[in-house]
Amino acid sequence: MTPATVAGHKYEFDAAIVEAALNRVDPEPIHEHYVVVRGRRFPPKQVLAIMTGLDRADFTTHQARAILRRLGFGVHRRSQAAGGPGAPSGPGFGESGIDEHVGRWVAQVGAEVIYAADNPESVTKWLRRHGKRARVWRVPDSPGAAGSALSSP
Amino acid sequence: MIVAYTELPEAAGAWPRPLLDVAFGDVEDVFVPCLVDTGAVQTLVPQWVASDCGADLDHAREVNFGVGGASTRARLAIVRLAAAGQIWEAEVGFCQPWPYSWGLLGHASFFRYFTVTFRAADAEFELVPIHR
């Protein structure tokens, strides 16, 4: 357990409990900072709000990042290289973590995956709920899905 | 317009592909990546795209195509396409099943509207609209 004080309240956090709590939670759009929980990216304040039940105005992104980092989660800042809506991905694509999403349906803006799900309908629904525009596709998991009969050497 | 090739995950062979993001119908928030495929005649996409863009397939002509070594059933409809700053209407086949992670842009509904130059050495292609 990891103790922390947020907005004057004392909490004991546990990484496994955080993971379980986020199982059925849809990540909100990332603005600048994000935390990776079981391969999905969440805004740190969304996660801490769920963990504490507090209003997001009661704590800062810095506090949320610090607590989540102490719990062992990867806390990152969004890449400045991300392109605009519908922008194609190019060299440097690997930095988006696309390999984490192989076989899944994703919403991608520039090089960045902003949402992933098991079907295209969930992805388009999420985009419209959050007013986002993105490339929607299933990240190929085999040369066959990429339209190639070539095998690896 | 110059478009960088899309790099793929290692699991898919990693070799980058010339993919172009296309919006179908009146949808402006969902872009479907499509392979700029000089070997294709028709423009074909998976059927979920028809549901998403509201394409009317009730009276669509149905045709079988061989794609990726398998057979697929396409329902053909005229829809609006938007890509590379251009908007045009063309026939698109909405297919089920669909083996690829992207759609295919073919000669009948795509190449007749653009001059396309591939520069594989630079991992990019250039699109110039044809205005007639």
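Residues numbered from 1 in each chain as written. Chains lettered and ligands numbered in written order. Predicted model: local features only at pLDDT ≥ 70, side-chain atom pairs only at ≥ 80, totals over all residues. Heavy atoms only, no water.

Q: Would you explain the packing of helix α2 (residues 44–52) of chain A against helix α3 (residues 61–70) of chain A in this entry?
A: Relative placement of two packed helices is described by the angle separating their axes and the distance separating the axes. Residues and elements named next belong to chain A. Two numbers describe how α2 lies on α3: the axes approach to 8 Å, and their chain directions differ by 75°. In terms of orientation, α2 and α3 fall into the roughly perpendicular class. Contact residues: α2 offers P44, K45, V47, L48 and M51, while α3 offers T61, A64, R65, I67 and L68. Looking at side-chain class alone, the contact of α2 with α3 contains 7 nonpolar, 1 polar and 2 charged residues. (Axes fitted to C-alpha atoms, helices over the stretch in contact; angles between N-to-C directions. Helix = DSSP H or I, 4+ residues; strand = E, 2+ residues; numbered from the N terminus. Parallel < 35°, antiparallel > 145°, perpendicular 65-115°, else oblique. Contact = heavy atoms within 4.5 Å. Nonpolar A, V, L, I, M, F, W, Y, C, P; charged D, E, K, R; others polar.)

Q: Explain the domain arrangement of chain A here, please?
A: Interface size, as often reported, equals the accessible area lost upon joining of the parts. All names here are of chain A. As assigned here, chain A comprises domain 1 (2–77) and domain 2 (97–146). In this structure, domain 1 and domain 2 have C-alpha centres spaced 23 Å apart. On the domain 2 side, the residues contacting the 6 residues of domain 1 number 10 residues. Of all residues in domain 1, D26, P29 and R41 give up the largest surface area on contact with domain 2, accounting jointly for 57% of the area buried on that side. Where domain 1 packs against domain 2, one counts 2 salt bridges. (Domains from an automatic or database assignment. Buried area = accessible area lost by both parts, 1.4 Å probe. Salt bridge = Lys/Arg side-chain N within 4 Å of Asp/Glu carboxyl O.)

Q: It is not clear to me how the confidence of the model for chain A should be interpreted in this structure. Could you clarify?
A: Caution is warranted with low-pLDDT regions, since their predicted coordinates should not be read in detail. Residues and elements named next belong to chain A. Residues with a pLDDT of 70 or more make up 84% of chain A, whose mean pLDDT is 82. Taking the mean pLDDT of every element in chain A, the minimum, 86, falls on strand β5 (residues 74–77) and the maximum, 95, on strand β8 (residues 134–138). Below pLDDT 50 for its whole length, residues 80–95 participates in 39 contacts with residues either more than four positions away or in separate chains. Note on residues 149–153: pLDDT is under 50 here. Beyond four places in sequence and across chains, it has 1 contact. (pLDDT = per-residue confidence, 0-100.)

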